[in-house]
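Fold and geometry: a report
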Amino acid sequence: MIAGNGRRGLAALILGAVAIGFAPIFVRLSDVGPVATGFHRLFWSVPVFLLLMYRAPACRPSPGQWRVMALSGLFFAGDMIVWHLGIMLTSVANASLFTNMAPIFVALALWLIWRQRPSARFTLALLVAFTGALALVGGAPDLSLDRLAGDGLSLLSGLFYAGYILAVGRARADLPTPLLMAVGGAVAALVILAAALALGETVWPTTLRGWAVVLGLALVSQCAGQGLIAWGLAHVSASFGAVVLLLQPVVAVLMAWVLFAETLGMVQVVGAMVVLAGIHLARKANPT
């Protein structure tokens, strides 16, 4: 059985993954460029987390903790920037697949760097969940030299997101969630804004609808989604948390089906069920 904090951490991760699953929908509806949309996602979340800091325990981070918080922001900014660049140079299926390899990178990092070797049961659960994610995005990647750059950037996106999960998991052991998210969000927002300007994207919405979309993205996907994930990672292992976050593509596929009438075939339905089965197996293999 999972202890009380572990159950609450798991619930937070699930709810956070569901909230983040809406992010692609907001990006599609946005009036500004995709990287600029990422800037708004981070920028408008910072004041919310600063307000929440008044209810958080007093904390004086050490220089090392400041570095970890800043690093989490850099990893998150790198993830968002290279994923949006990669998706322009390869297929959506390839980009989604390589980005969702983050749980594998987390498990490898914990094993190779921190000598936390995954159990055979957890490895099986990870492979099951990843197979489900593979079915969700259309099966095996369509590899070609023309898509090499885009595939590489998408794979780098998965590495950055794995780094973000590891940094947040480490920082949340001693720091309150609002502080971590405010500092990391501010760092990420600055980096993403610089990238959006360098790419020549339109940064500021010009309509009320456009503002509603970017503010909704900040509140739903960043404040609620990443905030819950950061809180949950303090109560479960980073490797298990990364597997739970494979719920994100499940939610994204379902929302695209509901809102945009995108095709939802039997393969995607089975893939979603396999992802859920993999998460269940991971919980059994990693009960703390």
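Now for a description of the structure that goes with this document. (Residues numbered from 1 in each chain as written. Predicted model: local features only at pLDDT ≥ 70, side-chain atom pairs only at ≥ 80, totals over all residues. Heavy atoms only, no water.)

Section: the side chain of Arg172
- With respect to the helices, strands and loops of the structure, Arg172 is situated in the loop between helix 9 (148–171) and helix 10 (177–198).
- Despite its burial, Arg172 pairs with no opposite charge; the closest candidate is Asp174, at 8.8 Å N-O.
- For Arg172, the side chain forms a polar contact with the side chain of Thr177, separated by 2.9 Å.
- Once you skip the residues sitting within four places of it in the chain, Arg172 turns out to touch Thr177, Leu180, Ala230, Trp231, Ala234 and His235. (Helix = DSSP H or I, 4+ residues; strand = E, 2+ residues; numbered from the N terminus. Buried < 20%, exposed > 50% of the residue type's maximum accessible area, 1.4 Å probe, protein only. Lys, Arg positive; Asp, Glu negative; His and termini not counted. Salt bridge = Lys/Arg side-chain N within 4 Å of Asp/Glu carboxyl O. Polar contact = N/O pair within 3.5 Å; in protein donor to acceptor, adjacent residues only side chain to side chain. Contact = heavy atoms within 4.5 Å.)

Some words on helix 3 (residues 34–43)
- Across the 10 residues that make up helix 3, a large majority, eight, are buried.
- Of the positions making up helix 3, those classed as buried are Val35, Ala36, Thr37, Gly38, Phe39, His40, Arg41 and Leu42.

So, the state of the cysteines
- The final tally for this structure, using the stated rule, is zero disulfides.
- Unpaired in this structure, Cys59 has its nearest cysteine sulfur neighbour in Cys223, at a distance of 20 Å.
- For Cys59, a relative accessible area of 31% gives the class partly exposed.
- Overall, the relative accessible area of 14% leaves Cys223 in the buried class. (Disulfide = S-S within 2.5 Å.)

Comments concerning the packing of aromatic side chains
- On inspection of all chains with the given rule, the structure shows eight aromatic pairs.
- When the centroid spacing of 4.9 Å and the interplanar angle of 50 degrees are considered together, the rings of Phe76 and Tyr164 count as tilted. Taken as a pair, Phe76 in helix 5 (residues 63–86) and Tyr164 in helix 9 lie far apart in primary sequence, 88 residues in all. Tyr164 carries the same exposure label as Phe76, and that label is buried. (Phe/Tyr/Trp six-rings, centres within 6.5 Å; stacked < 30°, edge-to-face > 60°.)

Some words on a nonpolar patch on the surface
- Side chains of Leu108, Trp111, Leu112, Ile113 and Trp114 sit close together on the surface and give an oily, nonpolar patch of about 520 Å² of accessible area.
- Along the chain, Trp111 falls in helix 7 (residues 102–112).
- You can call Trp111 partly exposed: its relative accessible area is 35%. (Patch = residues over 30% accessible without salt bridge, like charges linked within 9 Å, V, L, I, M, F, W, Y side chains within 5 Å. Areas by Shrake-Rupley, 256 points an atom, 1.4 Å probe, with all protein chains shown as cover.)

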